Amino acid sequence: MSGTKIETHVDEKSAEFQKNSRLMLDRLTEIKNEEQQIREGGGAKAIETQHKKNRLTARERIAKLIDAKTEFFELGLYAAHEMYQEWGGAPSAGTITGLARVSGRQVMIIANDATVKAGAFFPMTAKKVIRAQNIAIENHIPTIYLVDSAGIFLPLQEDVFPDTDDFGRVFRNNAVMSAMGIPQIAAIMGMCVAGGAYLPVMCDKILMTEGSGLFLAGPALVQAAIGQKTSAEELGGAQMHAQISGTVDFREPDDAACIERVRALVDKMGHAAGAPFDHKAAAAPAYAAEGIYGVFSAAPGKQYDMHEIIARIVDRSEFEEYRADYGQTLLCGYARIGGWAVGIVANQKRNVSTVAPGTGEKRIEFGGVIYNEAADKAARFILDCNQNLLPLIFLHDVNGFMVGKEAEWSGIIRSGAKMVNAVANSVVPKIAVICGGSFGAGHYAMCGKAYDPRFVFAWPTARYAVMSGDSAAGTLVEIKIKQLEREGKKLSDTDKKELYESVRKTYEDQTDPRYAAARLWVDAIIDPAHTREALIEALEAAALNPEIAEFKTGVLQT
């Protein structure tokens, strides 16, 4: 059945298109080079040490585990980026997480990287593992743990050990996932000590390779605590746990055999009922995804048509736009992505000529700003998607809600509250893609991290903050100048400019998507041309969970 195709009006030979493409490709090259460096983990020497123990690295294990000719969709690659520098850094937080196909099944993989501080848990390591587990819980994704960790990084134990999003939450999640019927397999292919020993033992199936160790206290600690001398193998080796304690289910000679056994076990898992979302055969968009590079502009004040972005993401470039002539700074509509029926809420970055309600006066509404009518439309659309079991995709490039006397008098807070309520109480899966700016309350209304999106992706051009760098710098500098003046100090114009640039740079650094990804505010920084593939991966994961709660909004502002 045919739908309404978006007709493109882009001139790919124009100077603007070419300029946008160059800027995006330059940014992508920078990101990809940095990612390659992060993937080296602890570096060549640490990799060599791992190989000398007759063990594969975490990335080598994952490459052997996943199905041939499939890709590992990594999540949290930038975790802990430029953090813990006083300890030599912790690339990717010393652990690797992501979605993959194993024996034809979509799974979550969580693998300790022993090349980074022996796989020890930094504060962000625990948070990254918990984020991966939460994604698995929300979407009912079978989970495979490749265990090779020295336990908590002791110099930072106070920030790893006690809180609700710290180390202990990992084992709590193991128990909850098991109770929910989410399959978990743990393969111990190195050290697994202290509290970390609980992780594999709380999984459904446990594998262990020769030369690995599983114990609450290692030989040195045992001798110090109770005076008993024992070898690591005797205390907690694979043979002991297979023959004496009965803790492990499968004893394997090496990594390769262990990985093959994991694949065989996944192959024999049962299949739970899927979610009730509509799915048909996928169809490619009518336009090349790389066109997004030239369409999109991250420059402040620059306009572009979000329809052109949507046209390069959705099946056949077909989009059934909802209330197309009303609240035009937000686009809402129905489409398919990879065959999955979805609802899309996207900020329109093109200025719109419209008529003010009540007065009939002509006015211009600025692209990227949410006005009353747009918020009302989006709230109604989100209610409809919940009614009809349509997963929601949010495409962010938002400056925030409209401000000023006219907006306040017409009830912008009330309209915004209605949209936020609808987003907060939505029960269908929500997936957010931060394309450009995502500022202030607009970030919340567009399903920011606090509103439980199943996945949050960001383009390299994303900006993530309370307000833009220029606005924030101006506000903060003005506050600082007044503070100094109260102290009897007066700044010259040069001093004010230097202060402004200093504040602006700090703020801009903190709005960079890498800063957000380092703190797990976003799950992955993606190539804009791969947005469709990322969304399909996320939708396929979401479809594993058949449970849809009853939709309620409570008191809804009208």
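Let me begin by describing the structure that accompanies this report. (Residues numbered from 1 in each chain as written. Predicted model: local features only at pLDDT ≥ 70, side-chain atom pairs only at ≥ 80, totals over all residues. Heavy atoms only, no water.)

### Side note on the packing of aromatic side chains
Consideration 1: Under the defined criterion, the tally for this structure stands at 16 aromatic pairs.
Consideration 2: With a centroid separation of 6.3 Å and 55 degrees between ring planes, the pair formed by Phe171 and Tyr198 is classed as tilted. Taken together, the residues span a long stretch of sequence, with Phe171 in helix α5 (residues 167-180) and Tyr198 in helix α6 (residues 198-201) at a distance of 27 residues.
Consideration 3: Residue classification places Phe171 among the buried residues on the basis of a relative accessible area of 12%.
Consideration 4: Aromatic pair Phe296 and Trp459: ring centres 5.2 Å apart, planes at 80 degrees, arrangement edge-to-face. Note that Phe296 is positioned in the loop between α11 (291-295) and α12 (306-311) and Trp459 in the loop between β18 (455-458) and β19 (463-465), a separation of 163 residues in sequence. Per residue, the accessibility class of Phe296 equals that of Trp459, and both read buried.
Consideration 5: By the ring-pair criterion, three or more aromatic residues cluster together here, those being Tyr84, Trp87, Phe122 and Phe153.
Consideration 6: If you follow Lys405 out to its NZ or CZ, it ends over the ring of Trp409, 5.0 Å from the centre.
Consideration 7: One residue, Arg519, lies across the ring of Tyr515, its end atom 3.5 Å from the ring centre. (Phe/Tyr/Trp six-rings, centres within 6.5 Å; stacked < 30°, edge-to-face > 60°. Helix = DSSP H or I, 4+ residues; strand = E, 2+ residues; numbered from the N terminus. Buried < 20%, exposed > 50% of the residue type's maximum accessible area, 1.4 Å probe, protein only. Lys NZ or Arg CZ within 6 Å of the ring centre and 35° of its normal.)

### A few points about the pattern of salt bridges
Consideration 1: A complete count under the given rule lists 31 salt bridges for this structure.
Consideration 2: The closest approach of N and O atoms between Asp512 and Arg514, which form a salt bridge, is 3.0 Å. Summarising the burial analysis for this pair, Asp512 and Arg514 share the class buried.
Consideration 3: Here the salt bridges do not stand alone but share partners, grouping Arg27, Glu30, Glu34, Asp512 and Arg514 into one network. (Salt bridge = Lys/Arg side-chain N within 4 Å of Asp/Glu carboxyl O.)

### Description of helix α13 (residues 372-387)
Consideration 1: Taking 1.5 Å per residue, 16 residues should reach 22 Å; α13 reaches 23 Å between its end C-alpha atoms and fits that length.
Consideration 2: By the criterion of burial, α13 is predominantly enclosed, with twelve of the 16 residues buried.
Consideration 3: Those residues of α13 that sit buried are Asn372, Glu373, Ala374, Ala375, Lys377, Ala378, Ala379, Phe381, Ile382, Asp384, Cys385 and Asn386.
Consideration 4: Following α13 by one or two positions, Leu389 has its phi on the positive side, about 55 degrees. (Expected span 1.5 Å × (residues − 1).)

### Regarding the packing of helix α4 (residues 123-139) against α5
Consideration 1: Close contact between α4 and α5 brings their axes to 9 Å; oriented N to C, the two are set at 15 degrees. With respect to their mutual orientation, α4 and α5 come out roughly parallel. The handedness of the crossing between α4 and α5 comes out as left-handed. Counted together, Ala126, Val129, Ile130, Gln133, Asn134, Ala136 and Ile137 of α4 and Phe167, Arg169, Val170, Asn173, Asn174, Met177 and Met180 of α5 form the full contact between these two elements.
Consideration 2: Taken together, the residues of the contact of α4 with α5 break down into nine nonpolar, four polar and one charged. (Axes fitted to C-alpha atoms, helices over the stretch in contact; angles between N-to-C directions. Parallel < 35°, antiparallel > 145°, perpendicular 65-115°, else oblique. Left-handed = near helix turned anticlockwise from the far one by under 90°. Contact = heavy atoms within 4.5 Å. Nonpolar A, V, L, I, M, F, W, Y, C, P; charged D, E, K, R; others polar.)

### Structural notes on the pairing of strand β15 (residues 392-398)
Consideration 1: Most of β15 sits out of view: seven of its seven residues are buried.
Consideration 2: Pairing geometry for strand β11 (residues 340-347) and β15, over four bridges, is parallel. Residue pairing for β15: Gly343 is matched across the bridge by Leu392.
Consideration 3: As defined by bridge partners, β15 adjoins strand β17 (residues 430-439) across six bridges and the pair is classed as parallel. Across the sheet, residue Leu392 finds its bridge partner in β17, namely Lys430. (Pairing = 2+ DSSP bridges.)

### Concerning the side chain of His140
Consideration 1: If you trace the backbone, His140 turns up in the loop between α4 and β4 (143-149).
Consideration 2: Setting aside residues up to four positions removed in sequence, His140 forms contacts with Met180, Ile182, Leu544, Asn545, Pro546 and Glu547.

### Thoughts on the environment of Gly436
Consideration 1: Turning to its location among the elements, Gly436 is positioned in strand β17.
Consideration 2: Taking C-alpha positions, Gly436 is 35 Å from Ala68, a pair spaced 368 residues apart along the chain.
Consideration 3: Those residues in contact with Gly436 that sit more than four places away from it in its chain are Phe296, His396, Asp397, Thr461, Ala462 and Arg463.

All quantities given are derived from atomic positions and should not be read as evidence of function.
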